[in-house]
Amino acid sequence: MRPVFVAALLALGVASACGGSQASQGAAVRAGGDWTRFGYDAGRHNSGPARTGITAANLGRLQRQQVRLPGTVDSSPVYLRAVRVGSRKHDVFIVTTSYGKTLALDAASGSHLWTFTPAGYASWAGGARITNATPVVAPGRRFVYAVAPDGRIHKLRTASGREVRSGRWPVRITRLPTREKIAPALNYARGLVLAATGGYIGDAPPYQGHVAAISAQTGRIVHVWNALCSNRHGLLEPQTCSASGAAIWARAGVVVDPATGRLLVATGNGRFDGTRNWGDSVLMLSRDAGQLLRSWTPRDQAALESGDVDLGSTAPALLGSTLAAQSGKDGKVRLLRLPNLGGKGRLGGELQTISGPGGDVFTAMAVQRAKGSVRLFVTTFSATWAYDLRNGRLRVAWRRPRAGTSPVLAGGLLYVYNPDGGLSVLRPATGALLKELPAGSGHWNSPIVTDGRIALPEGDANDHRTSGVLDIYRLR
């Protein structure tokens, strides 16, 4: 038997535990297609395909399968439709565990197709060194890029899981992986793999948040932009910079503006002087991360830094070609105008500040754009709120008093995973609950929804477990 098990399903039906054919699991739905990265697109809108095959009318036909994994996936999966693995084509989910194993799973049966284990795995497995990064699949679908706690980005063949070791692959993006954590999801734009670093829980120095832009083909680091000691280029020996912090640790990591190709990141607690140190700031970088173009820093940056109230607990959410929303651990949502973020080194300049859903915002925000309207969805560990953008201002559209990780829009429905357990399916227009799907507890995990399937990891990487679960819900 393949390493797959199936749980009782609370009136959702029971799936076969032995792999089985796609036909035996129900005919595959072809509505949605590939989901190649966290947030669905390079702009991290968390707004997936318009059609997924799953609708408000057929939610009751979903059945749940639980697939055992050799590690906790404290992030989200990616998905490829009909990609060649081995000698035949499969619909495939790909996940990375907190200790850096990357796996391909048959989406129809849940069976394991391949597993990549980075060299040195045994030296950190079970300890405090982890990653929460979602992998990214390159255009052409031949390669997937994944993170391990060794401080490296690994390039894997989607057909086999074998690591590419030509050129400069694998690529080390930190000189001190015991202090500098690769937590955010990877991104991809214009031939570059985009990665960012922060620190571990407790912010033990020394570390500096930085962005690395890597040639997807050769593995050459094209540029490194350091949020502290930013006058220095390339990978720093962390102890040689006089400041520590300014982590880039938000779930979405590096956001790519589709209008300009420029990169947006938010930093956490750290020194700020407006010249070389950029703690608690929103930063616009050039396409290759070689240059800081603009910045925005709140007027209360010093208070945020001293109080451990990271602005960069979440990343900018793009609301259009000129506007973005930024939240943080202070529970506020700021509306920013991208063409003039306030200029480098200035404080303030936001268009609006509005209350968030109560408590720290640790999640990626989701953006819905339809028929000329824009709606923003924000979750915390206490509530989920929706905001409408009207006449250049955000206004609360609805509130729901239930916790959530990063919300996901797909097929006209809103999916919100509660880290205490359960996956809520909501109407985006009203927040009305359509269905509560059974799911175990977790942490940063968030679902993807496409081709008649939902994939949702369970578990919290911080409890240092070496086994986990992937929930797969399918139409029957």
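Each value, and the rule that gives it
Residues numbered from 1 in each chain as written. Predicted model: local features only at pLDDT ≥ 70, side-chain atom pairs only at ≥ 80, totals over all residues. Heavy atoms only, no water. Helix = DSSP H or I, 4+ residues; strand = E, 2+ residues; numbered from the N terminus. Rg over C-alpha atoms; globule rule 2.2 N^0.38 Å. Buried < 20%, exposed > 50% of the residue type's maximum accessible area, 1.4 Å probe, protein only. Contact = heavy atoms within 4.5 Å. Areas by Shrake-Rupley, 256 points an atom, 1.4 Å probe, with all protein chains shown as cover. Lys, Arg positive; Asp, Glu negative; His and termini not counted. Charge placed at Lys NZ, Arg CZ, Asp CG, Glu CD. Pairing = 2+ DSSP bridges. Disulfide = S-S within 2.5 Å. Axes fitted to C-alpha atoms, helices over the stretch in contact; angles between N-to-C directions. Core = buried A, V, L, I, M, F, W, Y, C linked by side-chain atoms within 4.5 Å. Salt bridge = Lys/Arg side-chain N within 4 Å of Asp/Glu carboxyl O. pLDDT = per-residue confidence, 0-100.

Details of the overall build of the protein chain
- Looking only at helices and strands, the protein chain features two helices and 34 strands.
- Relative to its length of 476 residues, the protein chain is compact, with a C-alpha radius of gyration of 21 Å against a globular reference of 23 Å.
- Taking the principal axes of the C-alpha coordinates as reference, the protein chain spans close to 60 × 50 × 35 Å.
- Relative to its 476 residues, the protein chain shows a buried fraction of 62%.
- A fraction of 57% describes how many contacts in the protein chain between residues 6 or more apart in sequence connect residues 24 or more apart.
- Summed over all atoms, the accessible surface of the protein chain reaches about 16,500 Å², with 47% contributed by carbon and sulfur.
- Computing the positive centroid from 57 side-chain charges and the negative centroid from 29, the protein chain places the two 8 Å apart.

Section: the sheet that holds strand β20 (residues 317-318)
- Taking strand neighbours across the sheet as the criterion, the four strands line up as β20-β21-β22-β23 in an open arrangement whose pairing is antiparallel. Since the sheet does not close on itself, it has two edges, and those belong to β20 and β23 (352-355), each with one partner.
- Sheet topology note: the β20/strand β21 (residues 323-326) ladder contains two bridges and is antiparallel. The residue bridging Leu 318 from the neighbouring strand is Ala 324, located in β21.

Focus: the pairing of strand β31 (residues 433-437)
- Pairing of strand β30 (residues 423-426) with β31 involves four bridges; the strand directions are antiparallel. In the sheet register, Val 425 faces β31, and the bridge partner there is Lys 435.
- Joining the antiparallel neighbours β30 and β31 is a turn of six residues, in which Gly 431 adopts a positive phi near 80 degrees.

Re the state of the cysteines
- As enumerated under the stated definition, the model contains one disulfide in all.
- The disulfide partner of Cys 229 is Cys 241, and the S-S distance across this bridge is 2.1 Å. Given an S-S torsion of about 95 degrees, the disulfide between Cys 229 and Cys 241 has right-handed geometry. With Cys 229 in the loop between β15 (221-226) and β16 (255-256) and Cys 241 in the loop between β15 and β16, this residue pair connects regions lying 12 residues apart in the sequence. Each member of the pair, Cys 229 together with Cys 241, is buried.

Here we look at unusual backbone geometry
- Here the bond from Trp 169 into Pro 170 is cis, since omega is -5 degrees, no more than 30 degrees from zero.
- Note that Pro 170 resides in the loop between β8 (152-157) and β9 (171-172).
- The residue after Pro 205, namely Pro 206, is reached through a cis peptide bond having omega 0 degrees.
- Mapped onto the elements, Pro 206 comes out in the loop between β13 (198-199) and β14 (210-215).
- One non-glycine residue, Arg 141, lies in positive phi territory at about 65 degrees.
- Its location among the elements puts Arg 141 in the loop between β6 (136-137) and β7 (143-148).
- Of note in the backbone geometry, Asp 280 takes a positive phi value of approximately 50 degrees without being a glycine.
- Residue position: Asp 280 is located in the loop between β17 (263-266) and β18 (282-285).

A few points about the pairing of β17
- Residue alternation in β17 divides its side chains into two sets, Leu 263 and Val 265 and Leu 264 and Ala 266, and both sets are buried.
- Inspection of the sheet shows β16 paired to β17 by two bridges, in the antiparallel sense. Bridge pairing in β17 places Val 256 opposite Leu 263.
- Hairpin connection of β16 to β17: six residues between the antiparallel strands, including Gly 261 at a positive phi of 80 degrees.
- Examined bridge by bridge, β17 and β18 share four bridges and lie antiparallel to one another. Counterpart to Ala 266 in the pairing with β18 is Val 282.

Considerations on the sheet that holds strand β32 (residues 448-450)
- Pairing within the open sheet is antiparallel, and its four strands lie in the order β1-β34-β33-β32. One side of each edge strand has no neighbouring strand; the edge strands of this open sheet are β1 (62-69) and β32. Between one strand axis and the next, the sheet turns through 20 degrees on average, direction left out of account.
- Pairing analysis gives six bridges linking strand β33 (residues 453-458) to strand β34 (residues 468-475), with the strands arranged antiparallel. Note that in β34 the partner of Leu 456 across the bridge is Asp 471.

A closer look at the nonpolar core
- Among the nonpolar cores identified, the biggest contains 31 residues, and Ile 54, Leu 62, Tyr 415, Leu 423, Ile 454 and Tyr 473 are the most heavily contacted of them.
- Looking at which element gives the most residues to this core, the answer is β34, with four residues.
- Setting aside its immediate chain neighbours within four residues, Tyr 415 contacts Ile 54, Ser 406, Pro 407, Val 408, Ala 410, Leu 423, Ser 424, Val 425, Pro 447, Val 449 and Ile 454.
- Judged by nonpolar contacts, the second largest core, of 26 residues, contains Ala 189, Val 211, Val 265 and Ala 289.

Here we look at the pattern of salt bridges
- Tallying each qualifying case throughout the model produces 15 salt bridges.
- Here Arg 402 ties to Glu 436 by a salt bridge, and the two come within 2.8 Å at their closest N and O atoms. With Arg 402 in the loop between β27 (393-400) and β28 (408-410) and Glu 436 in strand β31, this pair connects stretches of sequence that are 34 residues apart.
- For Arg 402, a relative accessible area of 26% puts it in the partly exposed group.
- With a relative accessible area of 30%, Glu 436 lands in the partly exposed category.
- Members of the salt-bridge network, linked through shared partners, are Arg 30, Arg 81, Asp 91, Asp 451 and Arg 453.

Considering the confidence of the model for the protein chain
- Here the protein chain shows a mean pLDDT of 93. Residues at 70 or above account for 94%.
- Note that pLDDT drops below 50 for residues 1-26; the model gives that stretch 62 contacts with residues more than four away or on any other chain.

Some words on the environment of Ala 146
- The residue Ala 146 is located in strand β7 in this model.
- Since its relative accessible area comes to 1%, Ala 146 is described here as buried.
- Sequence spacing of Ala 146 and Arg 190 is 44 residues, and the spatial spacing of their C-alpha atoms is 18 Å.
- If we ignore the near neighbours within four places in the chain, the residues touching Ala 146 are Thr 96, Thr 102, Pro 135, Arg 152, Ile 153, His 154, Leu 156 and Leu 186.

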